Amino acid sequence: MRRFQVYWLALLTCCLIWAACGEKKKKTLSGDDPVTVQDFLEFYPEKTLPFAYGDTIFNKRPGDSLLISYKVISQFIPDSVLSKIVAKGQQKSPAKYYPLARIKGRNKDVYLFTNAFIGTKKISFVSAFGNDGKFIAAMTALAPDALSNTQQQVSMDRSNSVAKLVTRKNTDETVSQGQDVFVLDRSVNQFALVMTDPLDEKVGELLNPIDSFSRKQKYTADYTAGKRNLVSVRDGRRSDRLTFFIHFEKDGGECTGDLKGEATMINANTAEYRVGGDPCVLQFKFTNSSVTLHEVEGCGARRGLRCSFDGSYTRKKEPAKPKTKKN
């Protein structure tokens, strides 16, 4: 019996030693030790969508064990980008960076949310990396102001749109809200502003990120169905391709959708958006005066759950070109 107990005790000890050796120790990024891009990405806690946080996150500074040194973070996010984000003040008081969240994007991109403390200044920013770990773009997500009657919030939805919301309590006890919505535009490797709603009572302006693109092909135009619904079509990379941007708001704004990409002409008047790795398949049927969208396969990651991209839009008349004076 005694020999049996000794045997099991020895076996248990070996198992504990094996488990301890096999456990991966989380790397610290606060010093000068070598760090791989995998170490850097995995240092951020993984979060699921939808994801949101507010300016109250700065009420308590994280512990030093979570600190990312400038030497480490600048290996993966260019110094020129960090300088623009933290702006002035870094020289007098070096910025301290802390991980907030890591989110897997729908196109296998990775989004990192980082909080930075620069003296008394606090900033949160989002950066995007490709599935190869290479940096794509970054932008400021949240920068608290000194106003006691405003609150800020940042959120990312399942379409990977980043929304920056400001809520203000007015002197008459009413509440106003303003919002800017950004998406990662891989054609230019930047976060593009696609919609803005100001704090005042004006109707928010819908921004078209491809408005300035050329429109020489037959069906290139803007198609609308009210002020807040737009299908913008521009020339693609080849004669059988069309670049497009779609934004719609249904059910009084309760259900919205956004999609930007490139569609292929599959016959004389039909184009189709179909990209490997993306379950969304969308068809465009054109006439000389309209376009009708049909959601062939689920595009739920790009819109609300209770609506679809299906709908018809009227072609918007282009403004007349100014006549040139003859000499």
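The preceding data block contains the structure.
Residues numbered from 1 in each chain as written. Predicted model: local features only at pLDDT ≥ 70, side-chain atom pairs only at ≥ 80, totals over all residues. Heavy atoms only, no water.

Cis geometry is found at the peptide bond from Leu49 to Pro50, where omega equals 0°. Turning to its location among the elements, Pro50 is positioned in the loop between α2 (37–42) and β1 (51–54). (Helix = DSSP H or I, 4+ residues; strand = E, 2+ residues; numbered from the N terminus.)

This part covers the packing of aromatic side chains. Within the structure shown, the criterion is met by 17 aromatic pairs. With centroids separated by 5.7 Å and ring planes inclined at 85°, the aromatic side chains of Tyr98 and Phe117 adopt a geometry described as edge-to-face. Placement of the pair is Tyr98 in strand β2 (residues 96–104) and Phe117 in strand β3 (residues 110–118), with a sequence separation of 19 residues. For the pair Tyr98 and Phe117, one class covers both residues: buried. Ring centres 6.4 Å apart and planes at 55° place the aromatic pair Tyr111 and Phe191 in the tilted group. Taken together, the residues Tyr111 in strand β3 and Phe191 in strand β9 (residues 190–197) connect sequence positions 80 residues apart. Given the relative accessible area of 4%, Tyr111 is considered buried. Taking relative accessible area as the criterion, Phe191 reaches 12% and is therefore assigned buried. In textbook terms, an aromatic cluster arises when at least three aromatic residues are bridged by ring pairs, as seen for Tyr219, Tyr223, Phe244, Tyr273, Phe284 and Phe286. Over the face of the ring belonging to Phe248 we find Lys250, whose NZ or CZ atom lies 4.9 Å from the ring centre. (Phe/Tyr/Trp six-rings, centres within 6.5 Å; stacked < 30°, edge-to-face > 60°. Buried < 20%, exposed > 50% of the residue type's maximum accessible area, 1.4 Å probe, protein only. Lys NZ or Arg CZ within 6 Å of the ring centre and 35° of its normal.)

What follows concerns the environment of Ile246. Mapped onto the fold, Ile246 is located in strand β13 (residues 241–250). Considering only alpha carbons, one finds Ile246 and Val233, 13 residues apart in sequence, at a separation of 8.8 Å. Setting aside residues up to four positions removed in sequence, Ile246 forms contacts with Leu230, Val231, Gly257, Asp258, Leu259, Leu282, Phe284, Leu293 and Phe309. (Contact = heavy atoms within 4.5 Å.)

A word on the side chain of Ser69. Checked against the element boundaries, Ser69 lands in the loop between β1 and α3 (70–76). The class for Ser69 is buried, based on a relative accessible area of 11%. Sequence-distant contacts of Ser69, that is, excluding residues within four places in its chain, are made with Leu29, Ser30 and Gly31.

This part is about the state of the cysteines. Under the counting rule described, the total for this entry stands at 2 disulfides. Here Cys255 pairs with Cys307 through a disulfide, and the sulfurs are 1.8 Å apart. Its torsion about the S-S bond being -70°, the disulfide of Cys255 and Cys307 is classed as left-handed. With a gap of 52 residues between them, Cys255 in strand β14 (residues 255–267) and Cys307 in the loop between β17 (290–297) and β18 (311–315) connect regions that are remote in the sequence. (Disulfide = S-S within 2.5 Å.)

Let's shift gears to the nonpolar core. One finds Phe51, Tyr53, Tyr111, Phe113 and Phe191 to be the most contacted residues of the largest nonpolar core, which totals 25 residues. Contributions of two or more residues to this core are made by β1, β2, β3, β4 (121–129), β5 (135–142), β6 (150–156) and β8 (175–185). The element contributing the most residues to this core is β5, with 5 residues. Once residues lying within four places of it in the same chain are set aside, the contact partners of Phe51 are Leu100, Ala101, Ile103, Phe113, Val154, Ser155 and Met156. (Core = buried A, V, L, I, M, F, W, Y, C linked by side-chain atoms within 4.5 Å.)

Two pairing modes exist for strands in a sheet, parallel and antiparallel, and in both the strands are linked by backbone hydrogen bonds. Reading across from one edge, β2-β3-β4-β5 is the order of the 4 strands in this open sheet, with antiparallel pairing throughout. In this open sheet, the two strands that pair with only one neighbour each are β2 and β5. Shown here is a sheet whose adjacent strand axes are inclined to one another by a mean of 25°, direction ignored. Across 8 bridges, the pairing between β2 and β3 is antiparallel. Within the sheet, the bridge partner assigned to Lys104 lies in β3 and is Val110. (Pairing = 2+ DSSP bridges. Axes fitted to C-alpha atoms, helices over the stretch in contact; angles between N-to-C directions.)

For the rest of this paragraph, the subject is helix α4 (residues 79–86). For α4, the set of buried residues is Val81, Leu82, Ile85 and Val86. Relative to the axis of α4, the buried residues are bounded by an arc of 115° and lie together on one face. Those residues of α4 that are buried lie in contact with α3, β2, β3, β4 and β5. (Arc of directions from axis to C-beta.)

Around the barrel, which closes on itself, the 8 strands sit in the order β11-β12-β13-β14-β15-β16-β17-β18 with antiparallel pairing between neighbours. Put simply, the sheet's adjacent strands are angled 30° from each other on average, direction ignored. Pairing geometry for β17 and β18, over 4 bridges, is antiparallel. Looking at the pairing, Ser290 lines up with Thr314 of β18.

Turning our attention to the environment of Leu184. For Leu184, the location among the structural elements is in strand β8. Residue Leu184 is classed as buried on the basis of its relative accessible area of 14%. In sequence terms Leu184 and Ser127 are 57 residues apart; their C-alpha atoms lie 9.9 Å from each other. Leave out the neighbours within four places in its chain, and Leu184 touches Asp109, Tyr111, Ala128, Ile136, Ala137, Gln190 and Phe191.

What the rule picks out here adds up to 13 salt bridges. Taking the shortest distance from any N to any O, the salt bridge between Glu46 and Lys104 comes out at 3.8 Å. You can see Glu46 sitting in the loop between α2 and β1 and its partner Lys104 sitting in strand β2, a full 58 residues away along the chain. For Glu46, a relative accessible area of 45% translates into the label partly exposed. Accessibility expressed as a relative area gives 57% for Lys104, which makes it exposed. Here Asp222 and Arg234 are joined by a salt bridge, their closest N and O atoms 3.1 Å apart. (Salt bridge = Lys/Arg side-chain N within 4 Å of Asp/Glu carboxyl O.)

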